[in-house]
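Below, each chain spelled out in residue letters.
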Amino acid sequence: MSLIQLKPQTAPAASGKSHLKQATQGHRFDAELVAVTKRYGTGPAAVADISLRIPRGSYCCLLGPSGCGKSTTLRMLAGHEDVSEGAILIHGEEVTHKLPVDRGTSMMFQDYALFPHLSCLDNVAFSLKVRGVATRERRAQARQYLELVQMDHLADRLPNQLSGGQQQRVALARSLITRPKVLLLDEPLSALDPFLRVKMRSELKRIQKELGISFIHVTHSQDEALALSDMIVVMNDAKIMQAAPVREVFETPTNAFVARFLGGQNVLNSNGREVSVRTDRCRLGHATGLRSVEGQIAMIEYQGNIVRITLQTPLGDEMTVLQSDTDYFAQNPQIGDTAMMSWQASDEHILAPT
Amino acid sequence: MATRKRKRPLSFYVLATLLGGYAIFLYAPMACVYVLSFQGPQGGMSFPMVGWSTHWFEVLFQGTGGQGVGDIPAAFRRSIRMAVIVAVLSMIISVAAGMAYRRKFPGANLVFYSAIASMVLPGIFVGFGIALTFNLLGWRVNWFTSGIGAQLTWTLPFGMLIMFIVLGRFNPAYEEAATDLGANARQRFWMVIVPIILPGIIAITMASLTSSYEEIARTQLNVGTGNTMPMEITGLLTAATSPVIFAVGTITTFVSFSLVIASLLVMTRLAKRRSSRTAQ
Ligand SMILES: Nc1ncnc2c1ncn2[C@@H]1O[C@H](COP(=O)(O)OP(=O)(O)O)[C@@H](O)[C@H]1O
Ligand SMILES: [Mg+2]
């Protein structure tokens, strides 16, 4: 799926909102972390010496298990957490010790943190109010941003009279009205039900493309990261495992952790080396010239157009085969059967030791 | 099944009777006081009523109640003046303490427990101790020094406890969001924190107002010259022989209820103002 398809089709609408676009200067990266470390107290670092460069106009996801330091990284970018060592740059300009408001970042909080005593409109207008913009002017502007997130019809509601998805839209408008150079989002979709989550993530992507600024989005969901990202940063244990365009991370994971965490890969031993093979390149059965491993079928999940078959090897590893439904019905394997899983040597991708 | 009418269990009737008994015990004797306060000029301290009049209220307000009746209006003025000052001070100090207490600092627990402990100190000795200390230092006790100080030892622990709880539960993300949107410390306080904790602030102010107005144990030795209302009424109870005392009861109740109703009105006004934004 190309990004162009996600852009709004109607040209007038796009040009009508072009005034919301952030002016860009001659910088190459929207955000840079240079050897950044964060320590709380004396324990191990929450973020250990990470460096990262996020190209202009990227949708970047920070992906990793809980506690790996994603939120801390985001909060350091936002200026809500001091940096222990290293430097942070936004649009090529150092902001390491600047106040959040002077950085050109804006943060959307995990629970949205909408002010409960203000209407949606006044929530969105808040940043203009603290800058002393007159009431009429700031409300008019706030209304435009509520339109951008399709919430203008509920402008006078209080936050607790809105659903989770609606609150999220308001929080987004409240962040965007500050004209951020980079928008930071901490697990913005985790409070939503699965249906809304999918809907809102395409909305986020649409708005990011429309505004042309970088979004840095923290998530622990692989699906979310794959669906949204131009660039994925996989983190584990306070360090970056891999930071690359989404396709590169998926197809050529640097190590077993990335391969396993992102899914879609079997991690196995081949000729004494650790390699990954995509689950959709593996098949049941054996033919000459193919590499293979034997196992017992532990699980078969029919998913309509594909079938996911899990094998348990004698060593206790789990391997997955994604089969098309036609192959599956032709072979008709059963749970408990002993089966071979095979793949071509050229589909192996060599992993670095973790 | 859901539409079938449920039979009320026995416990419902037991508890309902208990509540009814409590209400009668609370309000019936008070009703006697209110009725007797309208006793005719020739009437006595008990039933039957000898005609109806507002005679005893007039006596009360003219401060000519005779035996045992002091200057009630002056006492009321002294009490309410002190109550307002104490309420405002308690509110300001409690909010400030609550704000400070959101961050851990060395000795934070000590501050917390010493504040709480003063709730259980016997009030009469606290009052005595303050008076004694003033005496030792050669200072004169006075309503606006020792008097207000003594009352603050009573109202502040409650106010601070309420604020510790309210601000302890305050989601720090609100403040971070405000910072992120460019608000400075002053704007964060006035535009975000205060509106959100306003119900707690009103609660502290009203509670301090009423407990100051009623306080006697700590107050009596420390106000200096001139009695406060509770002191005046205590004196009246032991000395008065006329229905003036019932008039005092009626008026005191009226003032208390007015305060409660006023604070409820303020609360509902606030709630209305919030929901009216949605009405447009
Ligand atoms: N305010 C804090 N004080 C002490 N330790 C913290 C604080 N915030 C986060 N940590 C620690 O830093 C590590 C990373 O946390 P975090 O960035 O929140 O992880 P993630 O968002 O990836 O789940 C965790 O081990 C966490 O316990
Ligand atoms: Mg987190």
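Nothing here was measured: the structure is a model prediction, and the numbers come from that model.

**Some words on the overall build of chain B**
Consideration 1: Counting its secondary structure elements, chain B contains ten helices and zero strands.
Consideration 2: In sequence order, the secondary structure elements of chain B are arranged as α-α-α-α-α-α-α-α-α-α.
Consideration 3: Its C-alpha atoms give chain B a radius of gyration of 24 Å, clearly above 19 Å, the size a compact globule of 280 residues would have.
Consideration 4: Seen along its three principal axes, the alpha-carbon backbone of chain B occupies a region of about 75 × 75 × 40 Å.
Consideration 5: Sorting the 280 residues of chain B into buried and exposed places 37% on the buried side.

**Considering the confidence of the model for chain B**
Caution applies to low-pLDDT parts of the model: their predicted coordinates are not meant to be read in detail.
Residue and element names in this part refer to chain B.
Consideration 1: Per-residue confidence for chain B gives a mean pLDDT of 83, with 92% of residues at or over 70.
Consideration 2: Averaged pLDDT values for the elements of chain B fall to 75 in helix H2 (residues 55-62) and rise to 93 in helix H7 (residues 172-180).
Consideration 3: The ipTM assigned to the predicted complex is 0.81, against a pTM of 0.80.

**Section: the interface of chain B and chain A**
Consideration 1: Listed as interface residues are 20 residues of chain B and, on the opposing side, 28 residues of chain A.
Consideration 2: Viewed at the interface, chain A and chain B are joined by one salt bridge.
Consideration 3: Of the charged contacts, one joins A:Arg75 and B:Glu176 as a salt bridge, the two residues approaching to 2.8 Å between their closest N and O atoms.
Consideration 4: In this structure, the connection of chain B to chain A is made through seven residue pairs in polar contact (both at pLDDT 80 or more).
Consideration 5: Per-element tally for the side of chain B that touches chain A: the top contributor is H7(B), with seven residues.
Consideration 6: Of the residues that constitute the side of chain B that touches chain A, the class distribution is ten nonpolar, six polar and four charged.

**Let's talk about the confidence of the model for chain A**
Consideration 1: On average, chain A scores 88 in pLDDT, and the residues at 70 or more come to 93%.
Consideration 2: Segment residues 1-19 of chain A is flagged for pLDDT under 50; beyond a separation of four residues in sequence, or across chains, it makes twelve contacts in the model.

**What to know about the domain arrangement of chain A**
Consideration 1: Here the domain parsing of chain A yields domain 1 (29-250) and domain 2 (264-350).
Consideration 2: Centre-to-centre, using C-alpha coordinates, domain 1 of chain A lies 39 Å away from domain 2 of chain A.

**Re the side chain of B:Ser208**
All names here are of chain B.
Consideration 1: In this fold, Ser-208 is placed in helix H8 (residues 185-214).
Consideration 2: Residue Ser-208 is classed as buried on the basis of its relative accessible area of 3%.
Consideration 3: Residues within four places of Ser-208 in sequence aside, it is in contact with Ala-87, Ser-90 and Thr-155.

**Looking at the sheet that holds strand S16 (residues 318-324) of chain A**
Residue and element names in this part refer to chain A.
Consideration 1: Pairing is antiparallel across the open sheet formed by five strands, whose spatial order is S13-S17-S14-S15-S16. Taken across any chain shown, the strands that pair with only one partner, and hence form the sheet edges, are strand S13 (283-284) and S16.
Consideration 2: Examined bridge by bridge, strand S14 (residues 291-302) and strand S17 (residues 338-343) share six bridges and lie antiparallel to one another. When the sheet's bridge partners are listed, Gln-296 is paired in S17 with Thr-338.

**Let's talk about the pairing of strand S8 (residues 214-219) of chain A**
On a regular strand, one side chain projects to one face of the sheet and the next to the other, so that they alternate.
Residue and element names in this part refer to chain A.
Consideration 1: The element S8 is extensively covered by neighbouring structure, given that six of its six residues are classed as buried.
Consideration 2: Residue alternation in S8 divides its side chains into two sets, Ser-214, Ile-216 and Val-218 and Phe-215, His-217 and Thr-219, and both sets are buried.
Consideration 3: Direction of pairing for strand S3 (residues 59-63) relative to S8: parallel, over a ladder of five bridges. Within the sheet, the bridge partner assigned to Leu-62 lies in S8 and is Val-218.

Conventions adopted
- Residues numbered from 1 in each chain as written.
- Chains lettered and ligands numbered in written order.
- Predicted model: local features only at pLDDT ≥ 70, side-chain atom pairs only at ≥ 80, totals over all residues.
- Heavy atoms only, no water.
- Helix = DSSP H or I, 4+ residues; strand = E, 2+ residues; numbered from the N terminus.
- Rg over C-alpha atoms; globule rule 2.2 N^0.38 Å.
- Buried < 20%, exposed > 50% of the residue type's maximum accessible area, 1.4 Å probe, protein only.
- pLDDT = per-residue confidence, 0-100.
- Contact = heavy atoms within 4.5 Å.
- Salt bridge = Lys/Arg side-chain N within 4 Å of Asp/Glu carboxyl O.
- Polar contact = N/O pair within 3.5 Å; in protein donor to acceptor, adjacent residues only side chain to side chain.
- Nonpolar A, V, L, I, M, F, W, Y, C, P; charged D, E, K, R; others polar.
- Domains from an automatic or database assignment.
- Pairing = 2+ DSSP bridges.

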